[in-house]
Amino acid sequence: MTSSSTKSTPTGTTQESKAAVGRRTFLKSASIASLSAAAIYASSCTDHNGNPIPDGTVDLGSGDVGILNYAYALEQLEAAFYTQIVATPYAGITSQELMVMTDLKNHEVAHRDFFKTAISAAAPSAIIPSLEVNFSAIDFTSRSSVLGAAKAFENLGVAAYNGAGKFLKTPVYLLLAGKIVSVEARHAAIIGTLLEGFNGQFTAGQVDANGLDKAMTFGEVLPVAQMYIKTKISGVNLPK
Amino acid sequence: MNLFELFAKIDELDPESGERLSFYNRRHILKNGAKATALAALPTLFSSVVNKAYGADLPAQTRGVLEYALTLEYLEADYYEKGVKSGIIPQNNYEVFSTISQHETAHVRLLEKTLGIAPDAMKPKFKYDAYPDVFTNYKTFLVVSQSFEDLGVRAYKNEAKNLMESPDLLQVALQIHAVEARHAAVVRSLRGQKGWIVGNGMENGMAPAVPAIYEGELNTEQGGVELAGKIAGQDKNTLSESFDEPLGRDQVLAIAKLFLA
């Protein structure tokens with residue numbers, strides 16, 4: 001994810017976020033209508049020490065719901081990414097690659113919409129809004145830029161779920177995270193084969209000498225995700 | 001479930017199983033006495049292989065999960081060790097399987113160390129005669145490899161909830177689980193399939209080789225919500241691909257016992 005381009009630098013919101021903005025602005029004064037839904041959402045939040053979280057920052061929250069919001073944020077990022085790829089495929093994309101990208105888009109949209117449904121049902125007042133993404137560092141016309149970013153996003157997702165699982169208190173949420181993380185790992189491996197072919201590199205850098213995949217903490221994952229999410233997000237209240 | 005119960009379960013699933021496992025043989029010796037005596041003798045039996053400094057401190061449920069996982073890892077490690085030596089893997093795929101083989105052996109050693117037992121102390125004897133050409137026909141080798149990997153993903157996924165009392169080991173299990181999923185995707189791809197489980201998983205020669213491996217994979221109800229019809233533009237097939245499903249211990253063991261000598 002090192003290349004950048006000004007030719008194709010989509011920055012935008014999903015349909016949901018536009019709807020969310022609509023609802024929020026309906027409730028708030030017109031003077032803040034230009035702010036994102038996220039900004040308004042977090043305006044009265046505090047962290048666990050009672051310190052205010054800065055205006056415009058989305059607080060993921062605490063406990064299991066906080067972790068579900070964390071996963072929802074990452075799935076929003078992935079879904080937006082593959083939606084963009086399928087809408088504007090890179091130069092020279094093969095039909096096989098387009099099929100993979102379309103499948104990945106569908107899976108990530110399913111994950112995103114699942115979390116939206118699940119969190120809305122479990123904790124309607126705590127669900128984070130749709131986030132605004134920032135893919136300005138990704139050149140969507142370039143195969144290597146797109147697949148490099150895809151590999152990074154999938155591996156980040158796998159490591160995030162691997163690190164978050166032990167903090168979940170509700171068995172059914174742990175199972176759901178497990179159902180999703182293995183699909184993300186499948187994605188990562190297939191992206192690896194698109195980049196490397198079928199050599200021994202398909203897990204290079206991701207699996208250690210004990211045969212273990214990576215696990216990353218909330219604090220390690222969020223700054224990386226934040227580079228691609230315009231909306232400021234805070235994990236300060238997530239379990240430790 | 002401790003190892004005793006695990007093997008009792010295999011016995012229950014397959015009453016004709018006889019003496020399949022080296023451990024199991026010792027169990028039968030115990031069985032000749034009164035059952036209560038046999039159970040009472042178990043701690044003595046295990047003390048010869050258990051390193052109390054570490055392994056014996058594990059909560060019983062955690063230990064049961066790890067022993068179950070170790071049984072499956074022994075099978076995978078044995079399979080790839082033989083496969084890599086068989087000479088049937090084409091040169092351009094060789095690194096994939098030597099890498100997978102290293103990972104599975106690493107899983108075995110890590111679980112043994114965590115349980116506090118010596119290398120191969122609990123290793124059963126395996127047989128592959130259910131697939132007689134598995135080490136002479138690369139296509140068969142790939143079918144069985146895919147089966148083991150997709151089955152392993154399902155087995156670990158099911159056990160996560162049983163490790164919640166041991167957070168650090170839960171994380172280790174999740175880290176193994178994801179590696180198995182990476183393996184599964186690449187092997188599926190080598191067979192010309194998608195990396196994710198499509199439909200009932202039985203495409204491209206999987207049926208009837210291993211009929212129970214994908215049971216329940218068509219599920220589209222998640223967290224008590226039927227997702228079909230709720231997500232715009234997504235049909236039931238796409239939704240079932242998006243979520244891998246767990247498989248219970250009894251079902252996994254019923255499949256694994258095909259390979260116990």
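Residue indices begin from 1 for each chain and proceed along its sequence in written order. Chains and ligands are labelled sequentially in the order written, the chains with letters from A and the ligands with numbers from 1. In view of the model being predicted, local features appear only for residues whose pLDDT reaches at least 70, and side-chain atom pairs are presented and counted only at 80 or more, with totals across whole chains, interfaces and linings using the full set of residues. Excluded from the side-chain calculation are hydrogens and water; included are all heavy atoms of the structure.

**Some thoughts on the packing of helix 6 (residues 138–159) of chain B against helix 7 (residues 167–190) of chain B**
Residues and elements named next belong to chain B. Between the N-to-C directions of two axes lies an angle of 0 to 180 degrees, each axis being a line fitted to C-alpha atoms and, for a helix, fitted only over the stretch in contact. The helix count covers DSSP runs of H or I at least four residues long, the strand count covers runs of E at least two residues long, and both are numbered beginning at the N terminus. Following both chains from N to C, one finds helix 6 and helix 7 inclined at 150°, their axes separated by 8 Å at the closest point. By the criterion of interaxial angle, the relationship of helix 6 to helix 7 is roughly antiparallel. Crossing of helix 6 against helix 7: the hand is left-handed. Here Tyr138, Leu142, Ser145, Gln146, Glu149, Asp150, Val153, Tyr156 and Lys157 of helix 6 lie close against helix 7, whose contacting residues are Ala173, Ile176, His177, Glu180, Ala181, His183, Ala184, Val187, Arg188 and Leu190. Gly is placed with the polar residues, together with every amino acid not listed as nonpolar (Ala, Val, Leu, Ile, Met, Phe, Trp, Tyr, Cys and Pro) or charged (Asp, Glu, Lys and Arg). Here the residues of the contact of helix 6 with helix 7 are counted per class, giving ten nonpolar, four polar and five charged. Geometric relationships in this document are graded by angle, where less than 35 degrees denotes roughly parallel, more than 145 denotes roughly antiparallel, 65 to 115 denotes roughly perpendicular, and other angles denote oblique. Take the far helix as your reference; a near helix turned counterclockwise from it by less than a right angle gives a left-handed crossing, and one turned clockwise gives a right-handed crossing. Should any heavy atoms of two residues lie within 4.5 Å, those residues are counted as being in contact.

**Quick word on the interface of chain B and chain A**
One frequent convention defines the size of an interface as the accessible area lost when the parts assemble. Taken together, the contact pairs 56 residues of chain B with 54 residues of chain A. Put simply, buried area is the surface a 1.4 Å probe can reach on two separate parts but cannot reach once they are joined, added for both. Three residues stand out in chain B for area buried against chain A, namely B:Gln175, B:Arg182 and B:Trp196, and they jointly supply 18% of the buried area on that side. Salt bridges are defined by distance alone: a side-chain nitrogen of Lys or Arg within 4 Å of a carboxyl oxygen of Asp or Glu. There are six salt bridges connecting chain B and chain A. Among the salt bridges present, the one from A:Lys166 reaches B:Asp168, with a minimum N-O distance of 4.0 Å. As used in this structure description, the phrase polar contact means that two N or O atoms lie within 3.5 Å; if the pair is within protein, one of them must be able to donate a hydrogen and the other to accept it, and residues adjacent in sequence are counted only when both atoms belong to side chains. On inspection of chain B and its partner chain A, the count reaches 19 residue pairs in polar contact (both at pLDDT 80 or more). Elements with a contribution of two residues or more to the side of chain B that touches chain A: helix 5 (91–115), helix 6, helix 7, strand 1 (221–222) and helix 8 (236–242) of chain B. Counting residues per element, the side of chain B that touches chain A draws most heavily on helix 7 of chain B, which supplies 20 residues. Split by residue class, the side of chain B that touches chain A holds 27 nonpolar, 17 polar and twelve charged.

**Overview of helix 3 (residues 63–87) of chain A**
Over its 25 residues, helix 3 of chain A runs 36 Å from end to end, which matches the ideal 36 Å to within 8%, given 1.5 Å per residue. Burial here depends on accessible area, computed with a 1.4 Å probe over protein chains only, as a share of the maximum for the residue type. Under 20% is buried, over 50% is exposed, and the range in between is partly exposed. Most of helix 3 of chain A sits inside the fold, with 20 of its 25 residues counted as buried. Multiplying 1.5 Å by the helix residue count minus one yields the expected span of that helix.

**What about the nonpolar core?**
It is characteristic of soluble globular proteins that their nonpolar side chains tend to be buried jointly. We define the nonpolar core as a collection of buried residues of types Ala, Val, Leu, Ile, Met, Phe, Trp, Tyr and Cys that are connected through side-chain atoms lying within 4.5 Å of one another. Residues A:Tyr70, A:Phe81, A:Phe115, A:Phe135 and B:Phe97 are the most contacted members of the largest nonpolar core, which totals 121 residues. Sort the elements by how many residues they give to this core and helix 3 of chain A lands first, with 13 residues. Sequence-distant contacts of B:Phe97, that is, excluding residues within four places in its chain, are made with B:Tyr80, B:Val84, B:Ile89, B:Tyr138, B:Phe141, B:Leu142, B:Ser145, B:Val187 and B:Leu190. By size, the runner-up hydrophobic cluster in this structure holds 14 residues, among which are B:Leu72, B:Ile197, B:Met206 and B:Val252.

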